[in-house]
Amino acid sequence: MTERIDFETQARYIQEVRERIGSIRPDRKPPTYYIRTFGCQMNENESEKYTGMLEMMGFTPASDMETADFVLFNTCCVRENAELKVFGHLGALKGLKREKPWMMIAVAGCMMQEPHVVEEIKNKYKHVDLVFGTRNIHELPKNLYERLTEEKCVISVYDTEGYIPEGVPLKREHKYKAWLSIMYGCNNFCSYCIVPYVRGRERSRAPFDILEEARILAEDGVKEITLLGQNVNSYGKTLEEKTDFTELLYRLSEVKGIERIRFMTSHPKDISDSLIIAMSELDKVCKHLHLPLQAGSDRILKEMNRRYTKQRYMDIVSFAREKMPRIAITTDIIVGFPGETEEDFLETLDVVRKTEYDMAYTFIYSVRKGTKAAEREDQIPKEVKNNRFQRLLEVQDAISLKKNREYIGRIEAVLNEGPSKTDKTVCTGRTDTNKIVNFMAPEDTVGEIINVRITDAGAWSLEGETV
Ligand code: 5AD
Ligand code: SF4
């Protein structure tokens, strides 16, 4: 069952906060906000909801964390590094808050679903004002109101089950492309992964809500949507209506104005031939498949609880390439899973060499408390993990460069997303195979899908000129 926010109550709290924000800063200027997002696209999408609500309440964007009156960390707990960074930032803001007592600090996201993290914040980071779990996003106006009227730290963390309320207003980061979450949670319990514990069981949004959101986005000028879920291939399993991800792609393809559809993440154990056929048949569906490998050794895959073999994985890749010869394939790989031997690692390198990924997100295994793999005694020494990681990077970087150089001379359809963040004199955009391209283009082509001739290529991006 879908839950919707209570619009009346929401509007009342937004109004209550609006009336009070003039007295937050000593100079009575509108307070500013800064959001720092860690982790995946799901978090980026959720940060857009926090942004939307903050702006409705009258907050304006700050250029950096130090000058902001309201700082929010949207956290990730998939690897330890991201967690340590959040605690580092929280520690650093302590002194700043002493100088600027009106400053408010909020923490949200996956880390807050770990009970020991919330305890640590309560005990050691008493300068934190607001804590939100992954299903409490919509409570920002209410909790902020309570914080302003009662001067206490407001913690709201639901359990991980149940739905994320529909209808929370958001402010998109990009004008022509948008995230669209189609499902939440994960049931797979890969033995290294904490996501099922902090995001709860898998549940899909109703097709009606997804299609409606896509229509609204299209009306607002969005050309490209990226469907998000931990395992999009099992979309629909929790719904009463009998449907699946392939059908959703066909239905979304009919939304006028949406010209490109991307999706992530696919799980090799659930991917169907019908999905690959749909990808090849549907013009709007981008020819890019993100298919996490994690490891190449069958033994490690089994211990990771991935439920596919190296051979099955390679067969999926072959079938996708047979149906769509120019498809780009990207992946996630973990090195140094407990018990991983040199031979196991060589199996990973073998898949990497044979598959020739367009890009790989590579990770060093990080122990996550509460997961099955964390209990193992055969953890791999740091030096061994680092060494394998470096060797993997070397192999993949050369492949990425080679794959990108194959684009030189080709004419590619690119959605012109406007001036690049790092160099305002050039425009940036992506091919349908998800390659970043930088190019010169007339201003009136911003927001359009245009033809770009690729003139040069590096390991991370392509250079081009409009045709
Ligand atoms: N250590 C390292 N990498 C991890 N991932 C998930 N859990 C861990 C962990 N404990 C990686 C996986 C996943 C990606 C989002 O993060 O590769 O696909
Ligand atoms: Fe984690 Fe595995 Fe679920 Fe991905 S599929 S979120 S790696 S448990």
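Residues numbered from 1 in each chain as written. Chains lettered and ligands numbered in written order. Predicted model: local features only at pLDDT ≥ 70, side-chain atom pairs only at ≥ 80, totals over all residues. Heavy atoms only, no water.

Asker: Got a sec to walk through the domain arrangement of the protein? Specific residues and values, please.
Answerer: Domain annotation of the protein identifies domain 1 (2-156), domain 2 (172-405) and domain 3 (411-466). For domain 1 versus domain 2, the separation of C-alpha centres amounts to 30 Å. Taken together, the 21 residues of domain 1 in the interface contact 21 residues of domain 2. In this structure, the connection of domain 1 to domain 2 is made through three salt bridges. Among the salt bridges present, the one from E83 reaches R368, with a minimum N-O distance of 3.4 Å. Our count for the contact surface shared by domain 1 and domain 2 stands at eight residue pairs in polar contact (both at pLDDT 80 or more). (Domains from an automatic or database assignment. Contact = heavy atoms within 4.5 Å. Salt bridge = Lys/Arg side-chain N within 4 Å of Asp/Glu carboxyl O. Polar contact = N/O pair within 3.5 Å; in protein donor to acceptor, adjacent residues only side chain to side chain.)

Asker: Give a description of the packing of aromatic side chains that names residues and reports values.
Answerer: One pass over the full model with this rule turns up nine aromatic pairs. With centroids separated by 5.1 Å and ring planes inclined at 75 degrees, the aromatic side chains of F245 and F263 adopt a geometry described as edge-to-face. Within this pair, whereas F245 is found in helix α8 (residues 245-253), its partner F263 is found in strand β11 (residues 260-264), the two being separated by 18 residues in sequence. Exposure remark for F245: the relative accessible area of 3% places this residue in the buried category. Residue classification places F263 among the buried positions, given a relative accessible area of 4%. The structure contains a cluster of three or more aromatic residues connected by ring pairs, namely Y192, F337 and Y365. The ring of Y13 is capped by R12, whose NZ or CZ atom sits 5.5 Å from the centre of that ring. (Phe/Tyr/Trp six-rings, centres within 6.5 Å; stacked < 30°, edge-to-face > 60°. Helix = DSSP H or I, 4+ residues; strand = E, 2+ residues; numbered from the N terminus. Buried < 20%, exposed > 50% of the residue type's maximum accessible area, 1.4 Å probe, protein only. Lys NZ or Arg CZ within 6 Å of the ring centre and 35° of its normal.)

Asker: Give a description of the pattern of salt bridges that names residues and reports values.
Answerer: Enumeration over the complete set of coordinates arrives at 42 salt bridges. Here E55 and K171 are joined by a salt bridge, their closest N and O atoms 3.5 Å apart. A residue pair is termed long-range when its members are at least 10 positions apart, and E55 in helix α2 (residues 41-56) and K171 in the loop between β6 (154-156) and β7 (177-181) qualify at 116 residues. Owing to a relative accessible area of 40%, K171 belongs among the partly exposed residues under this scheme. Salt bridges linked by common partners bring R299, E303, D344, R376 and D378 together as one network.

Asker: Break down the site of ligand 2 for me, with residues and values.
Answerer: Around ligand 2, the neighbouring residues are C186, N188, F189, C190, Y192, C193, V195, P196, Q230, H267 and R306. Its residues assigned to classes, the shell around ligand 2 comprises seven nonpolar, three polar and one charged. (Near = heavy atom within 4 Å. Nonpolar A, V, L, I, M, F, W, Y, C, P; charged D, E, K, R; others polar.)

Asker: Describe in detail α2, supporting the description with residues and values.
Answerer: When the terminal C-alpha atoms of α2 are compared, their 23 Å separation across 16 residues agrees well with the 22 Å that a helix rising 1.5 Å per residue should span. Judged by how many residues are buried, α2 sits mostly within the fold: 12 of 16 residues are covered. (Expected span 1.5 Å × (residues − 1).)

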